[in-house]
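A look at the structure
So the chains spell out like this:
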Amino acid sequence: MYLSDYHIHSNFSGDSVEDLENIIKRAKELELKEIAITDHMDLDTGSIYDSNFILDLNKYIPKLLELKERERKNIDIKIGMEFGIQSHLGMEAEKIIKNHPFDFVISSIHSINKILIDQKEYWRDKTKEEGQEKYFLEVLKCIKSYDTFSIQGHLDFISRYGGEGKKGFIDYTKYDDIIDEILKELIDKGKGIEINTSGIRYLENRFYPCNSLVKRYFDLGGEIITIGSDSHKSIDICKNFSEVYDFLESINVKYISSFEKMKIEFKKFR
Ligand SMILES: [Zn+2]
Ligand SMILES: [Zn+2]
């Protein structure tokens, strides 16, 4: 069994208090082969969260390089980042990613036009469908805006937000065309998607993205997939991963992806 968790937050992220040492300890207990630490870098969110979510790379990178070297014989630690992309930030993102020794970068949409999508302000003038459509259109715009990321994060997690009575459901038939365009663009660019298991913890009873979307990615010719817990506490590392492996096997996928210095390698997981 080749276990790796490619979406983990530490206390370098504004919304996590977890110590890197606890994360490494837990990952070793679970006998993971690899972990990617992927702390938040969200620029230009125009809110109170702004400074909390700007990653201090001058401290973060040296710390991870030190731990990567120290643990080399025990576990493969990947230097990652979850970049909160917005369509006007493509060039800035490229610059940051190229100038640091990242192994792996998740491209996630958390904000649109400088407004966080978990805020009432985003949903104020929109129906659920309008908010969801705008989000998917923005995903497409963002992945066209730069090239240096590794995978698209939690592709359909917009269902998590939207205020009272608007959460938890997406009628995918409304967005089939946009989603196909997103997946084709990712495939053309040699980019992957993740299966993010936090959807279960947020009581959505599914992963992000939903299984049919993952299957569609492979049907269209995609091959690059990582699995991430999106843990903000070490106890959540690798949660619900066996269900993911079972699902991947059921659609005849045998390999997950591993990244080192942004280069992909495929690992047979069972
Ligand atoms: Zn995220
Ligand atoms: Zn995350």
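Residues numbered from 1 in each chain as written. Chains lettered and ligands numbered in written order. Predicted model: local features only at pLDDT ≥ 70, side-chain atom pairs only at ≥ 80, totals over all residues. Heavy atoms only, no water.

Structural notes on the layout of surface pockets
Vacant regions in the atomic arrangement are exposed by a probe of water-molecule size rolled over the atoms. Approximately 360 Å³ is the volume found for the largest pocket. In terms of lining, the largest pocket is formed by 18 residues, of which the most central are D15, H40, F53, D118 and Y161. Counted by class, the lining of the largest pocket contains 7 nonpolar, 5 polar and 6 charged residues. (1 Å grid on protein atoms, 1.4 Å probe; cavity = no way out; pocket = protein on both sides within 12 Å on 5 of 7 lines; lining within 4 Å. Points joined across faces, edges and corners; volume = space filled by probe spheres on them. Nonpolar A, V, L, I, M, F, W, Y, C, P; charged D, E, K, R; others polar.)

Let's talk about the coordination of the zinc ion (ligand 2)
Note on the zinc ion (ligand 2): its protein donors are H7 (NE2), H9 (NE2), E82 (OE) and D230 (OD). The metal-donor distances range over 2.1 to 2.2 Å. Coordination at the zinc ion (ligand 2) is irregular: its 4 donor atoms span angles of 83 to 172° at the metal. Between the zinc ion (ligand 2) and the zinc ion (ligand 1) the interatomic distance amounts to 3.5 Å, and E82 serves as a bridging ligand to the pair. Of this pair, H9 sits in the loop between strand 1 (4-8) and helix 1 (20-29) while D230 sits in the loop between strand 9 (225-228) and helix 9 (241-250), and the two are 221 residues apart along the sequence. (Donors = N, O, S within 2.8 Å, 3.2 Å for Na, K, Ca; no water. Tetrahedral: all angles 85-135°; square planar, octahedral: opposite > 155°, others 65-115°. Helix = DSSP H or I, 4+ residues; strand = E, 2+ residues; numbered from the N terminus.)

As for the nonpolar core
Counting 84 residues, the largest nonpolar core has I35, F83, Y135 and L248 as its most contacted members. Of the residues forming this core, the biggest block, 6 residues, is contributed by helix 5 (residues 128-145). In this structure F83 touches M41, L43, L89, A93, I96, V105, I106, S107, S108 and Y146, once residues within four positions along its chain are discounted. (Core = buried A, V, L, I, M, F, W, Y, C linked by side-chain atoms within 4.5 Å. Buried < 20%, exposed > 50% of the residue type's maximum accessible area, 1.4 Å probe, protein only. Contact = heavy atoms within 4.5 Å.)

A short note on the sheet that holds strand 4 (residues 104-108)
Sheet strands line up and pair through hydrogen bonds in the backbone, either parallel or antiparallel. Read across the sheet, 7 strands follow the order 1-2-3-4-7-8-9 without closing on themselves; strand pairing throughout is parallel. Where the open sheet ends on each side, the last strands, each with one partner, are strand 1 and strand 9. Sheet strands in contact with helix 3 (residues 90-98) are strand 2 (34-41), strand 3 (76-84) and strand 4, and its direction is about 165° off that of strand 3. The strands that helix 9 touches are strand 1, strand 8 (192-196) and strand 9; relative to strand 9, the one it contacts most, it runs at about 155°. (Pairing = 2+ DSSP bridges. Axes fitted to C-alpha atoms, helices over the stretch in contact; angles between N-to-C directions.)

Section: the pairing of strand 1
The buried count for strand 1 comes to 5 of 5 residues, which makes it a mostly enclosed element. With 3 bridges joining them, strand 1 and strand 2 adopt parallel strand pairing. The residue of strand 2 that forms the bridge with I8 is I37. One crossover worth recording links strand 1 to the parallel strand 2 by way of helix 1, and it is right-handed. (Right-handed = clockwise from strand over helix to strand, strands pointing away.)

Focus: the packing of aromatic side chains
A full pass over the atoms with the stated rule returns 13 aromatic pairs. Ring geometry for Y135 and F136: centres 5.3 Å apart, planes at 70°, overall edge-to-face. Per residue, the accessibility class of Y135 equals that of F136, and both read buried. Judged by centre distance (5.4 Å) and plane angle (80°), the rings of Y217 and F218 are edge-to-face. With respect to burial, Y217 and F218 carry one shared label: buried. The ring of Y122 carries K126 above its face, with NZ or CZ at 4.2 Å from the centroid. The ring of F149 is capped by K191, whose NZ or CZ atom sits 5.2 Å from the centre of that ring. (Phe/Tyr/Trp six-rings, centres within 6.5 Å; stacked < 30°, edge-to-face > 60°. Lys NZ or Arg CZ within 6 Å of the ring centre and 35° of its normal.)

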